[in-house]
Amino acid sequence: MHCDYNNAAMRVTLFGATGLLGQDLVHALHGEQLAALSSKDADLRDRVRVNRIVKDSHPDWVILAAAYTDVDGCESNSDHALSVNCEGAVYVAQAARQAQARVLFLSTDYVFDGTKSSPYETGDPRNPINVYGQTKARAEVRLLDILPDVCIVRTSWLFGHGGKCFPATILRLAKPQPEIPAAPEISATPRISVVNDQRGSPTFTVDLASALVALCRKQATGIVHATNAGDCTWYDFAKEIVRQAGLPAEVKPVTTAEFQRPASRPAYSVLSPASLHAHGIQMPDWKDALRRYLAKAPTSL
Ligand SMILES: NC(=O)c1ccc[n+]([C@@H]2O[C@H](COP(=O)([O-])OP(=O)(O)OC[C@H]3O[C@@H](n4cnc5c(N)ncnc54)[C@H](OP(=O)(O)O)[C@@H]3O)[C@@H](O)[C@H]2O)c1
């Protein structure tokens, strides 16, 4: 049975409740009937357990925010990445189909290759350039086949209070260093090198969580792009973090080629908000979201 009334509590089963996004989803789902699951409660690779949990929780919606999200780690652990991000998602979709529940699946801007120079629309062809993106792209195709009314939400560059994220790293690196009396020529001002040739949209997990709950309430189907408004490079993002936090660090722009990582990243992965706006949902600008993140960021980083 689906929850059709806007004010009735939804029954939601959330995989990935302990993650960066999942923790804010738990807050945003306050007032709904929520089954919040970590990997210890249900490993996505355990088909029988996933099926039992979905069946027993009688959800209106299953939100699948669980994933193996270590983009570089996926390159050397591709079997694990595929079994969690794709096969695990398929187990959830099959269980939801049996339980007649809707599924909202979290996907990524990394399903695209980054060769465009204008925002990606939901119908643009997938062409992932790293293993993480491949596992998510494959999962999208399988889920659309199993559940024609699935809602796939692609997002990007998440930051939030629930764990490791880019602003937390920059704040840690930008903290003034103690002066070394024996070597006063060594500057106490931290210098941070950040890539300036990858463009995307930073997204605050608090804003994304409330957009996801709204999409469930609106019975959304199909592919939706949901990020904070505006876009920037990682370098711009770091500069803005340092500026808003009032830290004396110097941020230096570097190229992706100078900063080799195991996984390739798309040079441009800005997602068009048209599909989100079509549901009457707007997300704030990323600089405004960063201000709210910093207002609560931990002081001891
Ligand atoms: N982070 C980003 O920048 C970003 C960008 C685009 C899309 N996304 C997508 O958004 C979603 C949320 O990302 P996130 O950054 O919040 O993730 P995260 O912080 O890495 O959290 C991952 C969550 O998945 C769970 N999990 C991992 N392996 C599992 C397994 N085998 N079985 C069951 N649960 C498992 C973890 O549970 P434990 O705590 O028990 O390990 C945790 O709750 C993911 O689908 C991700 O692909 C993220």
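Just above sits the structure.
Thresholds, definitions, all that
- Residues numbered from 1 in each chain as written.
- Predicted model: local features only at pLDDT ≥ 70, side-chain atom pairs only at ≥ 80, totals over all residues.
- Heavy atoms only, no water.
- Phe/Tyr/Trp six-rings, centres within 6.5 Å; stacked < 30°, edge-to-face > 60°.
- Helix = DSSP H or I, 4+ residues; strand = E, 2+ residues; numbered from the N terminus.
- Buried < 20%, exposed > 50% of the residue type's maximum accessible area, 1.4 Å probe, protein only.
- Lys NZ or Arg CZ within 6 Å of the ring centre and 35° of its normal.
- Salt bridge = Lys/Arg side-chain N within 4 Å of Asp/Glu carboxyl O.
- Near = heavy atom within 4 Å.
- Polar contact = N/O pair within 3.5 Å; in protein donor to acceptor, adjacent residues only side chain to side chain.
- Areas by Shrake-Rupley, 256 points an atom, 1.4 Å probe, with all protein chains shown as cover.
- Pairing = 2+ DSSP bridges.
- Axes fitted to C-alpha atoms, helices over the stretch in contact; angles between N-to-C directions.
- Contact = heavy atoms within 4.5 Å.
- Parallel < 35°, antiparallel > 145°, perpendicular 65-115°, else oblique.
- Left-handed = near helix turned anticlockwise from the far one by under 90°.
- Nonpolar A, V, L, I, M, F, W, Y, C, P; charged D, E, K, R; others polar.
- Expected span 1.5 Å × (residues − 1).

## Describing the packing of aromatic side chains
Stage number 1. Under the criterion given, the structure shown has 12 aromatic pairs.
Stage number 2. Taking the centre distance of 6.4 Å and the plane angle of 40° together, the rings of Tyr 120 and Tyr 268 count as tilted. Of the two residues, Tyr 120 sits in the loop between β4 (102-108) and α5 (131-146) while Tyr 268 sits in the loop between β12 (250-254) and α9 (274-277), which places them 148 residues apart along the sequence.
Stage number 3. With relative accessibility at 3%, the residue Tyr 120 sits in the buried group.
Stage number 4. The exposure class assigned to Tyr 268 is buried, which follows from its relative accessible area of 12%.
Stage number 5. With a centroid separation of 5.1 Å and 25° between ring planes, the pair formed by Phe 166 and Phe 237 is classed as stacked. With a gap of 71 residues between them, Phe 166 in helix α6 (residues 166-174) and Phe 237 in helix α8 (residues 234-245) connect regions that are remote in the sequence.
Stage number 6. We classify Phe 237 as buried; its relative accessible area is 1%.
Stage number 7. Within the aromatic cluster, the residues linked to one another by ring pairs are Trp 157, Phe 159, Phe 166, Phe 204, Trp 234, Phe 237, Trp 286 and Tyr 293.
Stage number 8. When the ring centre of Tyr 120 is taken as reference, the NZ or CZ atom of Lys 116 above it lies at 5.3 Å.

## Some points on the pattern of salt bridges
Stage number 1. Considering all chains together, one arrives at 14 salt bridges under this definition.
Stage number 2. With its nearest N and O atoms 3.2 Å apart, the salt bridge here joins Asp 149 to Arg 102. In this pair, Asp 149 is assigned in the loop between α5 and β5 (151-155) and Arg 102 in strand β4, connecting sequence segments 47 residues apart.
Stage number 3. Sharing partners across several salt bridges, the network here consists of Asp 72, Arg 261 and Arg 265.

## Digging into the environment of Ala 274
Stage number 1. Mapped onto the fold, Ala 274 is located in helix α9.
Stage number 2. Residue Ala 274 is classed as partly exposed on the basis of its relative accessible area, which comes to 42%.
Stage number 3. C-alpha separation for the pair Ala 274 and Val 50, spaced 224 residues apart in sequence, amounts to 34 Å.

## As for the site of the ligand
Stage number 1. Of all residues adjacent to the ligand, which total 25 residues, the nearest are Thr 18, Leu 21, Ser 39, Thr 69 and Tyr 132.
Stage number 2. Measuring from an oxygen atom of the ligand, one finds a side-chain N or O atom of Thr 18 at 2.6 Å.
Stage number 3. Leu 158 is positioned with one of its backbone polar atoms (N or O) 2.9 Å from an oxygen atom of the ligand.
Stage number 4. Burial of the ligand by the surrounding chains reaches 81%, relative to a free accessible area of 910 Å².
Stage number 5. Among the secondary structure elements, those contributing two or more residues to the shell around the ligand are α1 (20-28), β4 and α5.

## Here we look at the sheet that holds β5
What links the strands of a sheet is backbone hydrogen bonding, and the strands pair in either a parallel or an antiparallel sense.
Stage number 1. What the six strands build is an open sheet, ordered β2-β1-β3-β4-β5-β10; its pairing is parallel. Each having just a single partner strand, β2 (33-37) and β10 (222-225) make up the two edges of the open sheet. Averaged over all pairs of adjacent strands, the angle between strand axes in this sheet comes to 20°, irrespective of strand direction.
Stage number 2. Note: strand β3 (residues 61-64) against β4, four bridges, orientation parallel. Residue pairing across strands places Ile 63 opposite Leu 104, the latter belonging to β4.
Stage number 3. Here helix α2 (residues 47-57) sits on the sheet and contacts β1 (11-15), β2 and β3; the angle it forms with β1, its principal contact strand, is near 160°.
Stage number 4. Sheet strands in contact with helix α7 (residues 205-217) are β3, β4, β5 and β10, and its direction is about 145° off that of β4.

## Remarks on the packing of α6 against helix α10 (residues 286-296)
Stage number 1. Across the interface, α6 lies against α10 with an axial gap of 11 Å and an inter-helix angle of 60°. On the basis of their axis angle, the class for α6 and α10 is oblique. For α6 against α10, the interelement crossing comes out right-handed. Contact with α6, carried on its side by Pro 167, Ala 168 and Leu 171, involves Leu 290, Tyr 293 and Leu 294 of α10 and no other residues of that element.
Stage number 2. Among the residues making up the contact of α6 with α10, the classes are represented as six nonpolar, no polar and no charged.

## Observations regarding the side chain of Asn 85
Stage number 1. Within the fold, Asn 85 resides in helix α4 (residues 78-99).
Stage number 2. Only 3.2 Å separates the side chain of Asn 85 from the side chain of Thr 135, close enough to count as a polar contact.
Stage number 3. Ignoring anything within four residues of it in the chain, the contact list for Asn 85 reads Ala 67, Tyr 68, Phe 105, Tyr 132, Thr 135 and Ala 139.

## Some thoughts on α4
Stage number 1. The end-to-end C-alpha separation of α4 is 30 Å, in line with the 32 Å expected for 22 residues at 1.5 Å each.
Stage number 2. Phi for Gln 100, located one or two positions after α4, is positive at around 55°.

## Some points on the environment of Cys 165
Stage number 1. Among the secondary structure elements, Cys 165 is positioned in the loop between β6 (158-159) and α6.
Stage number 2. Separated by 145 residues in sequence, Cys 165 and Leu 20 place their C-alpha atoms 8.4 Å apart.

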